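Examination of the molecular architecture
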Protein chains: 2
Amino acid sequence: MESSKIRIAICGYGNLGKGVEKAIAQNPDMELVGIFSRRPKEALNTTSKVLSMENIEQYKNDIDVVVMCGGSANDLEEQVPMFAKYFNTVDSFDTHAKIPEYYEKVDKVACEAGRISIISVGWDPGLFSILRLFGEACLPEGNTYTFWGKGVSQGHSNAIRRIPGVKNAVQYTVPMEDAVAKVRKGENPELTTRQKHIRECYVVAEEGADQEEIRQAIVNMPNYFADNITVVYFISEEELKQKHSGMPHGGFVIRSGKTGENTKQLMEFSLNLESNPEFTSSVLLAYARAAYKLNIDGWYEGATTVWDVPPIYLSPKNTEELLKHLL
Amino acid sequence: MESSKIRIAICGYGNLGKGVEKAIAQNPDMELVGIFSRRPKEALNTTSKVLSMENIEQYKNDIDVVVMCGGSANDLEEQVPMFAKYFNTVDSFDTHAKIPEYYEKVDKVACEAGRISIISVGWDPGLFSILRLFGEACLPEGNTYTFWGKGVSQGHSNAIRRIPGVKNAVQYTVPMEDAVAKVRKGENPELTTRQKHIRECYVVAEEGADQEEIRQAIVNMPNYFADNITVVYFISEEELKQKHSGMPHGGFVIRSGKTGENTKQLMEFSLNLESNPEFTSSVLLAYARAAYKLNIDGWYEGATTVWDVPPIYLSPKNTEELLKHLL
């Protein structure tokens, strides 16, 4: 295959993979080679080419970057080291506690292959991680606050769905307005988990189930809900589908710092997303471009984080064009 | 001089230079070697060492980075090429139209010297430039909006002060709330200059001056005020000193984009600064660290923009430390 475009492949065809497939059309310097999937083409409902997960090395010279769209829980830890042997990769690995170990594992494989693997890309971890670093570096004395929401937490929604008597459920993480207001005023409050986010749960109960029992099971669930103020609403399956089937999300990183003699300075980065997976997909593609360009320029081999990537590598434009209209 | 700290010098001792002097105390990995000034030490009112602008090459081995704190209008174009011959530099050059030409000029000198000069650092140009690039790269289809304020514009304040009958004046640039609200809603409005910012002017008139005449001279002044809605308040010198002697500023960069089938996605970066020069100083120091580390690592020589700097170079921490608590 000859091309002057960046040749992208997708691995995994869930919400994220579908988002990447759509986003490639918005990036004229890229083209989609195909989608790696364990499922047969018929099961995928796509017009894109479906590539076999067997013998991935056969595509070694046809693909510049593989965008890894599997889940952190099961897929990425296994698949990324497998693909990093032959391809530059980007992924959205987000199991925070395991990131250092994951970094080491991917680094080893990608270094040996002379490829670059940008890990934990997206918005958090990802853009929020960069903004937290900017905050600390530009205002060394201060506090950093991250709030998430309003948005759907898949993990919390699933936890509710496992409760006996629950047919379906969606959980929103909602930042507490008064906490956010205090932070924005530069008051530098110390905030407990309870004071930062409310958990709003929309639950469809099975017929005849005891709603109060379900409510108690939710609000007292350790790790997931016990440390927060949790509000439970029982609604019909129909209402859930109508009003709560989107995947909005967002949040903000605020750095509240001081300079000189107690001068208050505030930096804030916020996202307001109608679709969490589509935005993450779009960010993944910007970093796919960076992986390709960095690898060609010989800057990096091995595992790389969003902090290692010079912003200009994310852009299809060069310095001259950017200096004219963006600086 | 032996040291494991980054050895910083300041060139120019106005608001920015004073800000850098204070900010060094907040960065334990840095130390101040001294301040380059054309003025004698007695005129400077500082306990720091004052260095002569004659024979700057004598300090070649004693200074890692010179933070250039002169003004864009007169100082930087001359001084940065002079210092880039011997030192890594960072500056806040912000005459937008001249940036490409300035970049070329500095690049030549710094390349020959094997040094790095990071130009146009601060918040705009600077952090805002990075966020504009992030916006375009992560949401290729969309519009970018930059609003400034509420904050003091030195250039506009000076323009008012030159009007006959004006004793003193302070001008605030204020974003129009309804324009910002439309952008935040994802409406992607086309906004004229007039629809983006109001100009608020606080003016002290000479005794006996015709206030209406002054008001007309301000609101009709081409380039500065004629294209905006401008509000003029006449106040006493005392009130001006009491209420308008700070240098607050801020603003926001908003990227309003679409993914997939018309899904609205919004990214916003905002600053709320009690002191514009102190914040800029603090950002300059973070980039001074980056200039030092990049030059040691041999990544760059010559003129460099904020887009070229991997975020991790701004931090005193290494990847391992950052992975644990910031990703």
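Now for a look at the structure at hand. Just so we're clear, the structure is a prediction, and the values are computed from it rather than from any experiment.

1. A few points about the side chain of Asp 308 of chain B
When you line up the elements, Asp 308 of chain B lands in the loop between β14 (302–304) and α11 (319–325). Despite being buried, Asp 308 of chain B has no salt bridge partner; Lys 293 of chain A is the closest side chain of opposite charge, sitting 9.3 Å away. Of the polar contacts made by the side chain of Asp 308 of chain B, one reaches the backbone nitrogen of Thr 305 of chain B; its length is 2.8 Å. With sequence-adjacent residues up to four places away left out, Asp 308 of chain B is seen in contact with Trp 299, Pro 310, Ile 312 and Thr 319 of chain A together with Tyr 300 of chain B.

2. Considering the pairing of strand β4 (residues 65–68) of chain A
All names here are of chain A. Of the two faces of β4, the one lined by Val 65 and Val 67 and the one lined by Val 66 and Met 68 are each fully buried. In the sheet, strand β1 (residues 6–11) pairs with β4 via four bridges, with the strands oriented parallel. Bridging across to β4, Ile 8 finds its partner in Val 65. The pairing of β4 with strand β5 (residues 88–91) spans four bridges and is parallel. In the sheet register, Val 65 faces β5, and the bridge partner there is Asn 88. In terms of handedness, the path from β4 via helix α2 (residues 76–84) over to β5 forms a crossover that is right-handed.

3. As for the sheet that holds strand β9 (residues 166–175) of chain B
All names here are of chain B. Reading across from one edge, β8-β9-β10-β11 is the order of the four strands in this open sheet, with mixed pairing throughout. Edge positions in the open sheet fall to β8 (151–152) and β11 (229–234), since each of these has one partner strand only. Of the strands in this sheet, β9, β10 (197–205) and β11 touch helix α8 (residues 211–219), which is tilted by about 150° from β11.

4. A look at the interface of chain B and chain A
Every contact between the two is made by 65 residues of chain B and, on the other side, 65 residues of chain A. Buried area between chain B and chain A, both sides added, is near 6,100 Å², and the carbon and sulfur share of it is 65%. Three residues, Gln 26, Trp 307 and Leu 327 of chain B, lead the burial of chain B against chain A; their summed loss comes to 14% of the area buried on that side. Across the chain B-chain A interface, the total number found is four salt bridges.

5. A look at helix α2 (residues 76–84) of chain B
All names here are of chain B. The buried count for α2 comes to seven of nine residues, which makes it a mostly enclosed element. All of the buried residues along α2 are Leu 76, Glu 77, Gln 79, Val 80, Pro 81, Phe 83 and Ala 84. Where α2 is buried, its residues contact β1 (6–11), β2 (30–37), β4 (65–68), β5 (88–91), α3 (99–113) and β6 (116–118).

6. Topic: the packing of α2 of chain B against α3 of chain B
Two measures define how a pair of helices packs: the angle their axes make with one another and the distance between the axes. All names here are of chain B. Look at α2 against α3: their axes get within 8 Å of each other, and the N-to-C directions meet at 15°. Considering their axes alone, α2 and α3 lie roughly parallel with respect to each other. Note that α2 runs across α3; the crossing there is right-handed. Residues Leu 76, Glu 77, Val 80, Pro 81 and Ala 84 of α2 form the contact with α3, whose participating residues are Tyr 102, Lys 105, Val 106, Val 109, Ala 110 and Ala 113. For the contact of α2 with α3, the residue count by class is nine nonpolar, no polar and two charged.

7. Examining the pattern of salt bridges
Once their charged atoms are close, side chains differing in charge can pair, the charge on each being opposite to the other. A full pass over the atoms with the stated rule returns 28 salt bridges over all chains. Here Arg 132 of chain A makes a salt bridge to Asp 124 of chain A, at a shortest N to O gap of 2.8 Å. Where salt bridges share partners, they join Lys 22 and Glu 278 of chain A together with Glu 261 of chain B into one cluster.

8. Details of the sheet that holds strand β7 (residues 142–148) of chain A
What the six strands build is an open sheet, ordered β7(A)-β12(A)-β13(A)-β13(B)-β12(B)-β7(B); its pairing is antiparallel. Pairing within the sheet leaves two strands with one partner each, and these edge strands are β7 of chain A together with β7 (142–148) of chain B. Between one strand axis and the next, the sheet turns through 10° on average, direction left out of account. As paired strands, strand β12 (residues 249–259) of chain B and strand β13 (residues 263–273) of chain B are joined by eleven bridges and run antiparallel to one another.

9. Brief notes about the relation of the copies chain B and chain A
Overlaying chain B with chain A gives an RMSD of 0.0 Å, the required rotation being 180° about an axis along which the chain moves by 0.0 Å. Expressed as a symmetry operation, the mapping of one chain copy onto the other fits a two-fold axis. In this assembly the copies share their binding face: 100% of the residues contributing to the interface of chain B also contribute to that of chain A.

10. Description of the side chain of Asp 64 of chain A
By secondary structure assignment, the location of Asp 64 of chain A is in the loop between β3 (50–52) and β4. Residues within four places of Asp 64 of chain A in sequence aside, it is in contact with Lys 5, Ile 6, Arg 7, Asn 88 and Tyr 292 of chain A.

Rules used in this analysis
Residues numbered from 1 in each chain as written. Chains lettered and ligands numbered in written order. Predicted model: local features only at pLDDT ≥ 70, side-chain atom pairs only at ≥ 80, totals over all residues. Heavy atoms only, no water. Helix = DSSP H or I, 4+ residues; strand = E, 2+ residues; numbered from the N terminus. Buried < 20%, exposed > 50% of the residue type's maximum accessible area, 1.4 Å probe, protein only. Lys, Arg positive; Asp, Glu negative; His and termini not counted. Salt bridge = Lys/Arg side-chain N within 4 Å of Asp/Glu carboxyl O. Polar contact = N/O pair within 3.5 Å; in protein donor to acceptor, adjacent residues only side chain to side chain. Contact = heavy atoms within 4.5 Å. Pairing = 2+ DSSP bridges. Right-handed = clockwise from strand over helix to strand, strands pointing away. Axes fitted to C-alpha atoms, helices over the stretch in contact; angles between N-to-C directions. Buried area = accessible area lost by both parts, 1.4 Å probe. Parallel < 35°, antiparallel > 145°, perpendicular 65-115°, else oblique. Left-handed = near helix turned anticlockwise from the far one by under 90°. Nonpolar A, V, L, I, M, F, W, Y, C, P; charged D, E, K, R; others polar. Least-squares fit on C-alpha atoms with pLDDT ≥ 70 in both.

That is the geometry; function is a separate question.
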